[in-house]
Amino acid sequence: MKTLNFVSRPHLATMETTIFTVMSKLAADCGAVNLSQGFPDFQAEPALFDAVHRHMLAGRNQYAPLAGMPELRTAVAAKIEALYGARYDVDSEITVTAGATQALFTAIAALVRPDDEVIVFDPVYDSYVPAIETVGGKAVHAHLRFPDYAPDWDEVTALITPRTRMIIVNTPHNPTGSLLSTVDRQKLANLLRGTDIVVLADEVYEHIVFDGAEHASFCADPELAARSLVVSSFGKTYHITGWKIGTIVGPAALMAEFRKVHQFNVFTVHTPSQLALAEYMQEPARHLGLAAFYQQKREFFRQLLAETPFELLPCRGTYFQLAGYRRISDLPDREFAEWLTREIGVAVIPISVFHHDGRDDRVVRFCFAKQEATLLAAHERLRKLGG
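I will try to describe carefully the structure that is included in this document. Nothing here was measured: the structure is a model prediction, and the numbers come from that model.

1. Side note on empty space enclosed by the protein
Then, in step 1: This structure, assessed with the given rule, holds two cavities of 30 Å³ or more.
Then, in step 2: The wall of the largest cavity is formed by 19 residues, among which K79, E206, H207, S232 and T247 lie closest to the centre.
Then, in step 3: Mapped onto the lining of the largest cavity, the elements with two or more residues apiece are α4 (70–84), β8 (228–233), α10 (234–238) and β9 (246–249).
Then, in step 4: Here the residues of the lining of the largest cavity are counted per class, giving nine nonpolar, seven polar and three charged.
Then, in step 5: Every residue along the wall of the second largest cavity is listed here: F121, L144, Y149, P151, V169, N170, T171, H173, S178, L179 and L180.
Then, in step 6: Looking at the lining of the second largest cavity residue by residue, the class counts come to seven nonpolar, four polar and no charged.

Here's what the structure looks like:
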């Protein structure tokens with residue numbers, strides 16, 4: 001068979017396999033406890049699975065509307081109004097997506113034109129920049145300041161140019177566990193006033209905020225909401241990451257552009273799962289109780305790590321814990337993560353891969369969305385490092 005003489009597009013040729021895939025494979029190959037990739041190793045409630053099955057048996061197995069099942073969009077609208085006081089039109093301002101990553105990519109593809117600039121914050125979640133570059137845009141990197149990972153709004157102001165089309169924010173933030181505050185949100189609103197810049201707000205960990213803090217959703221600020229597409233994830237909220245179902249909400253004009261792309265790269269999402277989620281959402285305690293659930297896991301895991309030489313950074317949200325390892329090794333963080341996986345048997349994520357310039361603060365990320373038995377197994381191995 002003749003071999004094609006195929007040359008990758010320049011920006012695709014430089015893209016590496018995501019670090020989550022790399023570290024999860026290494027964990028499997030080494031038999032390590034996988035605290036790298038961010039997924040729970042416990043089940044959702046059986047009631048959710050029973051609801052899917054019931055809708056399948058009832059014959060609800062054909063295409064959903066492009067925007068998603070009305071029942072689910074209605075439930076999402078009700079939740080947002082209850083939590084953030086914002087009203088979104090069920091028909092024109094809410095779309096069900098095939099997970100948050102698809103929502104993010106589609107929003108970028110719909111709104112970013114070749115040579116447009118998009119401001120992102122390092123350490124930046126690894127799907128944003130490839131999406132921007134795939135559609136011909138340019139990522140412009142602001143910085144979250146180590147060690148608290150707070151934004152510098154003066155820096156952001158200096159980065160805005162006539163070519164700036166979009167700013168991507170992520171709160172609660174992956175990989176750092178930091179939060180944007182209502183003060184941060186107001187500062188951003190002030191600097192965007194009078195521009196046509198769009199905000200893409202990744203809020204997939206919206207319900208995992210600790211110590212009584214309030215999630216500063218971009219839905220809750222009318223001025224920002226008018227220029228923002230806000231992404232959420234049922235996978236993160238209900239422990240079903242493999243279902244790949246999320247939502248995106250935003251003003252009708254932006255959503256119309258989003259759906260022009262959505263209809264051709266996804267069109268619609270699994271119907272019986274949408275119907276089951278619409279039912280499941282009727283009990284608000286299922287998402288309102290998530291912060292307390294994960295805060296208990298955070299405290300349990302931090303107590304375990306306190307018996308090791310790791311230096312714990314603050315974790316204000318998400319289910320990720322950052323830890324410095326300077327008292328253990330002087331290896332660069334990627335080499336340290338690979339060594340920890342192979343030699344100690346615990347897989348983590350190096351933070352330098354989220355910095356476009358490779359900045360290395362000797363910090364790694366643990367995922368604590370695990371059963372206590374899993375966390376204890378990791379702790380037993382990490383104890384080899386000494387106290």
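2. Overview of the sheet that holds strand β6 (residues 164–170)
Then, in step 1: The sheet built from eight strands is open, its strands ordered β2-β9-β8-β7-β6-β3-β4-β5 with mixed pairing. In the strand order of this sheet, the two ends are held by β2 (94–97) and β5 (150–151), each with one partner.
Then, in step 2: Pairing of strand β4 (residues 138–145) with β5 involves two bridges; the strand directions are antiparallel. Pairing of L144 across the sheet is with P151, part of β5.
Then, in step 3: Contacting β2 and β9, α4 crosses the sheet at an angle of about 115° to β2.

3. Details of the sheet that holds strand β14 (residues 363–367)
Then, in step 1: The strand order β10-β11-β14-β13 describes an open sheet built from four strands, whose pairing is antiparallel. On the outer flanks of this sheet lie β10 (311–312) and β13 (349–350), each paired with one strand and no other.
Then, in step 2: Strand direction decides the pairing type here: β13 and β14, joined by two bridges, are antiparallel. Bridge pairing in β14 links I349 to R365.

4. Regarding the pattern of salt bridges
Opposite charge on two side chains makes pairing possible when the charged atoms of those side chains draw close.
Then, in step 1: Summed over all chains, the structure comprises 18 salt bridges.
Then, in step 2: Between R359 and D361 there is a salt bridge, and its shortest N-O distance comes to 2.9 Å.
Then, in step 3: Here R359 falls in the partly exposed class, since its relative accessible area comes to 39%.
Then, in step 4: Classification of D361 by relative accessible area gives buried; the value is 14%.

5. Examining the packing of α4 against helix α12 (residues 271–280)
Then, in step 1: Two numbers describe how α4 lies on α12: the axes approach to 8 Å, and their chain directions differ by 35°. Where α4 crosses over α12, the handedness of that crossing is left-handed. Contacts between α4 and α12 involve E71, L72 and A75 on the former and, on the latter, Q274, L275, L277 and A278.
Then, in step 2: For the contact of α4 with α12, a count of residues per class yields five nonpolar, one polar and one charged.

6. Some details on the environment of A109
Then, in step 1: With respect to the helices and strands, the residue A109 is situated in helix α5 (residues 100–111).
Then, in step 2: Sequence-wise, A109 and V135 are 26 residues apart; in three dimensions their C-alpha atoms are separated by 6.0 Å.
Then, in step 3: Non-local contacts of A109, meaning those with residues more than four positions away in its chain, are made with V135 and V261.

7. Observations regarding the packing of aromatic side chains
Then, in step 1: Evaluated as defined, the whole model comprises 21 aromatic pairs.
Then, in step 2: Ring geometry for Y205 versus Y319: centroids 5.3 Å apart, planes at 85°, classification edge-to-face. With a gap of 114 residues between them, Y205 in the loop between β7 (198–202) and α9 (222–225) and Y319 in the loop between β10 and β11 (320–324) connect regions that are remote in the sequence.
Then, in step 3: Look at Y205 and you get buried, because its relative accessible area is 2%.
Then, in step 4: Residue Y319 is classed as buried on the basis of its relative accessible area of 0%.
Then, in step 5: Aromatic ring contacts, followed pair by pair, group F301, F310, Y325, F336, W339, F366 and F368 into a single cluster.
Then, in step 6: Lying over the aromatic face of F320, R365 brings its terminal NZ or CZ to 3.6 Å of the ring centre.
Then, in step 7: One cation-aromatic arrangement involves K370 over F39; the distance from NZ or CZ to the ring centre is 4.0 Å.

The rules we used
- Residues numbered from 1 in each chain as written.
- Predicted model: local features only at pLDDT ≥ 70, side-chain atom pairs only at ≥ 80, totals over all residues.
- Heavy atoms only, no water.
- 1 Å grid on protein atoms, 1.4 Å probe; cavity = no way out; pocket = protein on both sides within 12 Å on 5 of 7 lines; lining within 4 Å.
- Points joined across faces, edges and corners; volume = space filled by probe spheres on them.
- Helix = DSSP H or I, 4+ residues; strand = E, 2+ residues; numbered from the N terminus.
- Nonpolar A, V, L, I, M, F, W, Y, C, P; charged D, E, K, R; others polar.
- Pairing = 2+ DSSP bridges.
- Contact = heavy atoms within 4.5 Å.
- Axes fitted to C-alpha atoms, helices over the stretch in contact; angles between N-to-C directions.
- Salt bridge = Lys/Arg side-chain N within 4 Å of Asp/Glu carboxyl O.
- Buried < 20%, exposed > 50% of the residue type's maximum accessible area, 1.4 Å probe, protein only.
- Left-handed = near helix turned anticlockwise from the far one by under 90°.
- Phe/Tyr/Trp six-rings, centres within 6.5 Å; stacked < 30°, edge-to-face > 60°.
- Lys NZ or Arg CZ within 6 Å of the ring centre and 35° of its normal.

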